[in-house]
Amino acid sequence: MPRLLDLGLDRIRNIITDMARLSESSVFSALEAYESESNAKKHIFEQSEKLRTLQDEVTDLAIELIARYQPVATDLRFIKSCMEIAYGYSRFGRYSYDIVDVLETLGPLSGCNKHAVSEMAITVRKMILLSVNALESRDKTAAPDLYQMDDTVDTLYRKYLRELVSNLSKNSSDEPRCYISNLLILRYLERISDHACYVGDSVYYIITGSSSPRR
Amino acid sequence: MSSSSNEEVTSYSPGWSNVDVNKMLAPATTQASIKLSIQNVNAWFGKKHAVKNVSLDVKENSVTAFIGPSGCGKTTLLRCINRMHEMTPNARLDGKVILDGFDIYDKSSDSAMIKRRIGMVFQKPNPFPTMSIHDNVAAGLKLNGVRDKKLIRDVVEQSLVSAALWEEVKNDLDKPGMGLSGGQQQRLCLARALAMQPEILLMDEPTSALDPIASSKIEELVQQLKEHLTIIIVTHNMQQAARVSEYTAFMYLGELIEYDQTKDIFKNPHKELTEKYISGRFG
């Protein structure tokens, strides 16, 4: 017979699964809009808002479960982690919106060199999928893989920054809006990458009760 | 404190008075010395093997909780600690219970002295029914030869203060103990135990018959008293164990399954059986 707490845990798990898929879709849509110069701002804004609402729902439910059932051990760690993961997914939504906002504010960007963003987006997409799957399959081994990919993302970010400074000092003919848009989007991707790592950390914590070795 | 019944005792200084409430929530220190060491203890009731080869060390000035389902042996283990188990017909025990380096089951050990050093509070409040509040607290002193009336009065007051009952009964000391509410009766029993100036206090589900307010008073007292006593509490209430204790021992079918700091037992137990029990997944 399921415990009363299990009904609440199932509900929280379902919301988190919905958030995972929605946040993944939100980031992928934003990157697609950036690459194809399409207008997805309204759609992504709605997704971002939905993620924020779901994050509040997770927090409210988590507090209610703690107050009513005093969960311990794995249950308690799961609830704590769900609050952190929900925050991470809500940030995915917010950064997606920021990406399309750059497109609207500084676009059209079709004449800009988008190579740096495209290169980083490949790794970030993989990280999102890995973190979402790690949560669903309770895979603690994802955390070190995510940190390895995060190192790649950080390296790309720093490399672009150095190139940018170098090009600016050479009075390059490229348009400033290209630099600024690339820099902003790379920064948002770098933050998404960090949050994907935190999701991996939370999964590791749920399973082992310890902080991920990297932290 | 030791005395025969013929010897008059003229001085008495409970060490647990003037509790520093600011230290109530002081974390357990790993440097604390071992007050009590339970070593390979087995206990039987007739053929029933109730406690199976249990070993654990209890640190001084700490609160240790024994948890586990009904019949797991936690109360029996508690009763082994102050030699109450041997008072049950057909009960027997082997193993050692070392108190400050001395085995309480050694042939030279005095059972009455052990019970003075290791006090006990039971599940149901059990004041002496024909005695007044004052006499309930003073009973142990008188049995141990204390005759000085002023000394007895002082100890009764101090014990009632420490049991957080003084303010409620100071004008009714001559009234029957049985006239108090359930929560007050339990604190009276606590005062009675404290009057003997024990070094260890055993509490067997001390709040299971009390309402939440009376229960929380007892829990607060446990936190205060641990400054001067070592406390072992048996409880069915997992949240109570989590709130009041620094160490928790989980028992199942007479065996000690896991013994660790309470924060680790409730956040990250190492044994699957412990996890199942504390999170209500048993059965």
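Since the structure is predicted, the reported quantities are computational estimates derived from the model, not experimental observations. (Residues numbered from 1 in each chain as written. Chains lettered and ligands numbered in written order. Predicted model: local features only at pLDDT ≥ 70, side-chain atom pairs only at ≥ 80, totals over all residues. Heavy atoms only, no water.)

This part is about the packing of helix α3 (residues 133-143) of chain B against helix α6 (residues 182-194) of chain B. All names here are of chain B. Their axes nearest at 7 Å, the elements α3 and α6 cross at an angle of 35°. Crossing of α3 over α6 shows right-handed handedness. Contacts between α3 and α6 involve I133, N136 and V137 from the former and L188, A191 and R192 from the latter. The residue inventory of the contact of α3 with α6, partitioned by class, reads 4 nonpolar, 1 polar and 1 charged. (Axes fitted to C-alpha atoms, helices over the stretch in contact; angles between N-to-C directions. Helix = DSSP H or I, 4+ residues; strand = E, 2+ residues; numbered from the N terminus. Left-handed = near helix turned anticlockwise from the far one by under 90°. Contact = heavy atoms within 4.5 Å. Nonpolar A, V, L, I, M, F, W, Y, C, P; charged D, E, K, R; others polar.)

Right, let's talk about helix α4 (residues 149-162) of chain B for a bit. All names here are of chain B. Compared with the 20 Å implied by 1.5 Å per residue over 14 residues, the 20 Å span of α4 between its first and last C-alpha is a close match. On the buried face of α4, the contacting elements are α3, α5 (166-169), α6 and α7 (212-225). For α4, the side-chain oxygen to backbone nitrogen distance between the N-cap and K150 is 3.0 Å, and the N-cap itself is D148. A164 sits one or two positions beyond α4 and adopts a positive phi of about 55°. (Expected span 1.5 Å × (residues − 1). Polar contact = N/O pair within 3.5 Å; in protein donor to acceptor, adjacent residues only side chain to side chain.)

Take the confidence of the model for chain B next. Close reading of the predicted structure is inappropriate where its pLDDT is low. All names here are of chain B. For chain B, mean pLDDT is 89; residues scoring 70 or higher make up 89% of the total. Confidence drops under a pLDDT of 50 for residues 1-7, and excluding neighbours within four residues, the segment shows 15 contacts in the predicted structure. For the stretch residues 12-30, pLDDT sits under 50, and the model shows 41 contacts to residues farther than four places along the chain or on other chains. Complex prediction metrics read pTM 0.82 and ipTM 0.74. (pLDDT = per-residue confidence, 0-100.)

Residue and element names in this part refer to chain A. Scanning the model with the defined rule gives 5 aromatic pairs over all chains in all. When the ring of Y89 is compared with that of F92, the centres are 5.7 Å apart and the planes differ by 65°; the resulting orientation is edge-to-face. On the criterion of helical spacing, the pair formed by Y89 and F92 is a turn pair, its members being 3 residues apart in helix α3 (residues 73-106). On the basis of relative accessible area, F92 is assigned to the buried category, the value being 0%. Directly above the aromatic system of Y205 lies the positively charged group of K80, at a separation of 4.7 Å from the ring centroid. When the ring centre of F28 is taken as origin, the NZ or CZ atom of R125, which lies over that ring, is 5.3 Å away. (Phe/Tyr/Trp six-rings, centres within 6.5 Å; stacked < 30°, edge-to-face > 60°. Buried < 20%, exposed > 50% of the residue type's maximum accessible area, 1.4 Å probe, protein only. Lys NZ or Arg CZ within 6 Å of the ring centre and 35° of its normal.)

The next point concerns the environment of P206(B). Residues and elements named next belong to chain B. Structurally, the position occupied by P206 is in the loop between β7 (200-204) and α7. Taking the C-alpha atoms as reference, P206 lies 7.7 Å from T235; in sequence the two are 29 residues apart. When sequence neighbours within four positions are dropped, the list of residues in contact with P206 reads V121, F122, Q123, Q186, I218, I233 and V234.

As a further point, take the state of the cysteines. All names here are of chain A. Scanning the model with the defined rule gives 1 disulfide over all chains in all. What pairs with C112 in a disulfide is C178, and their sulfur atoms sit 1.9 Å apart. One quick way to see it: the torsion about the S-S bond of C112 and C178 is about -75°, and its sign makes the bridge left-handed. Pair noted here: C112 is in the loop between α3 and α4 (115-137) and C178 is in helix α6 (residues 176-208), with a separation of 66 residues, a long-range link. Each member of the pair, C112 together with C178, is buried. You can see C197 has no disulfide; the closest cysteine sulfur is in C82, sitting 19 Å from it. On the basis of relative accessibility, which here comes to 3%, the residue C197 falls in the buried class. (Disulfide = S-S within 2.5 Å.)

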